[in-house]
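As a plain string of letters, each chain reads:
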Amino acid sequence: MHREFPNRVEPLTLQSSLRRRMLLGSAGAALGGALALRTFPARAQTAASFPERPLRMVVAFPAGGATDILARLLGQSLGTQLKQSVVVENKPGAGGMIGLDAGAKSPPDGYNLFLCALTNQAIAGHLYPNATSDITRDFEPVALLANGAHVLNVHPSVPAKNMREFTAWLKAHDGKINYASQGNGTLSHLEAELLLQTLDVKAVHVPYKGSAQALPDLIAGSVSFMFDSVAASQPFNKTGQLRAIAVTSGKRVPIYPDLPTVEEAGVKGYNADNWFGLYAPKGTPANIVSRLGAACQKSLSDPALAEALLQKGFVTSFADARRLAEVTSSDRDKWGAVIRAANIKL
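Note that the structure is predicted; figures quoted are calculated from it, not measured. (Residues numbered from 1 in each chain as written. Predicted model: local features only at pLDDT ≥ 70, side-chain atom pairs only at ≥ 80, totals over all residues. Heavy atoms only, no water.)

Below, the discussion takes up the overall build of the protein chain. Each helix and strand counted, the protein chain has 11 helices and 11 strands in total. With 346 residues in all, the protein chain has 48% of them scored as buried. Taking contacts inside the protein chain between residues at least 6 apart in sequence as the whole, the part at least 24 apart equals 80%. About 16,600 Å² of surface is accessible on the protein chain, with carbon and sulfur atoms providing 55% of the total. (Helix = DSSP H or I, 4+ residues; strand = E, 2+ residues; numbered from the N terminus. Buried < 20%, exposed > 50% of the residue type's maximum accessible area, 1.4 Å probe, protein only. Contact = heavy atoms within 4.5 Å. Areas by Shrake-Rupley, 256 points an atom, 1.4 Å probe, with all protein chains shown as cover.)

This part covers the sheet that holds strand E3 (residues 112-117). Think of a sheet as strands paired side by side through backbone hydrogen bonds, with each pair either parallel or antiparallel. Strand order in the open sheet formed by 6 strands is E2-E1-E3-E10-E4-E11, and the pairing between neighbours is mixed. Two strands close off the open sheet at either side, each with one partner strand: strand E2 (86-90) and strand E11 (314-319). Taken pair by pair, the neighbouring strands of this sheet meet at an average axis angle of 25 degrees, ignoring direction. Helix H11 (residues 321-342) rests against strand E4 (139-148), strand E10 (275-281) and E11 of the sheet, and its axis sits at about 75 degrees to E4. (Pairing = 2+ DSSP bridges. Axes fitted to C-alpha atoms, helices over the stretch in contact; angles between N-to-C directions.)

Within the fold, Thr132 resides in the loop between helix H4 (118-127) and E4. Linking Thr132 and Met97, residues 35 residues apart in sequence, is a C-alpha distance of 9.0 Å. Ignoring sequence-local partners within four residues, the contact set of Thr132 consists of Asp101, Lys105, Arg137 and Asp138. Within the local environment of Thr132, its side chain forms a polar contact with the side chain of Asp101, the two groups lying 2.7 Å apart. (Polar contact = N/O pair within 3.5 Å; in protein donor to acceptor, adjacent residues only side chain to side chain.)

So this is what it looks like as structure tokens:
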């Protein structure tokens with residue numbers, strides 16, 4: 001009888017063990033539920049304390065061009081405002097579409113931004129109908145940043161010192177002049193095509209992957225003229241390596257007060273404002289977009305940054321996300337009409 005006692009007790013011990021496990025499991029589930037409830041305030045706190053690590057800003061053109069210059073100057077200021085570094089990443093090629101695609105496919109967490117040469121993207125949206133990314137469909141507008149006029153530059157061998165002489169020279173050499181651009185489908189390309197269409201003349205287009213690649217050939221005289229940013233052009237205008245003829249914007253540029261607009265110089269109706277905006281991938285939380293927009297506004301209101309941008313040919317023009325969306329739509333409609341009229345296809 002004594003030997004059977006342990007055999008009788010063992011099932012009772014096992015049963016107690018199972019009950020204990022069940023109780024512990026229930027307690028664990030309750031504790032897990034309590035912890036799960038406590039994660040919601042933690043997530044809210046993470047969004048409120050954004051950013052907690054460095055940010056990445058994609059630029060669709062090479063280092064040294066206008067978009068890159070704006071990105072780096074703004075990035076430094078945003079880094080101060082947000083207390084995190086902002087790393088600029090250049091993704092050039094295909095008229096800005098490679099960078100656009102990289103920006104669109106980035107995680108929508110607020111740590112990935114796309115600084116956009118808006119007018120270029122408005123043009124490219126018509127010229128690349130099969131593109132996998134779209135500036136209006138795949139991005140959240142953050143802020144309108146600036147207007148950066150382009151300059152019509154000629155090699156010193158071109159016998160023209162003003163727009164009247166330049167147009168006469170083009171007509172005298174109809175179809176025989178080479179001109180450079182920042183790439184197929186860029187604003188630099190379309191500005192030239194618009195001018196040629198207006199004057200009813202032709203020239204040979206030589207596309208590059210940005211002004212940093214095109215400028216050496218223009219300075220060497222391999223191509224005769226190019227529409228390029230004030231930021232990229234100014235150093236070579238000062239040294240006399242390139243001659244500035246006119247600016248493309250609707251108004252004169254403060255850094256070139258004596259240089260007329262193309263329209264002022266005699267080409268009626270010619271206006272090519274060059275807008276820049278900051279975007280985030282579609283799905284970026286609205287409160288983070290607002291935080292980024294507020295940081296942009298504060299940065300652009302800094303007189304030191306505004307002056308630094310002015311010296312590079314930019315006129316700061318901050319506006320909120322809604323206004324950026326309106327300008328995006330307006331620019332797309334305008335340049336779509338120009339492209340159709342010129343029958344430009346890539």
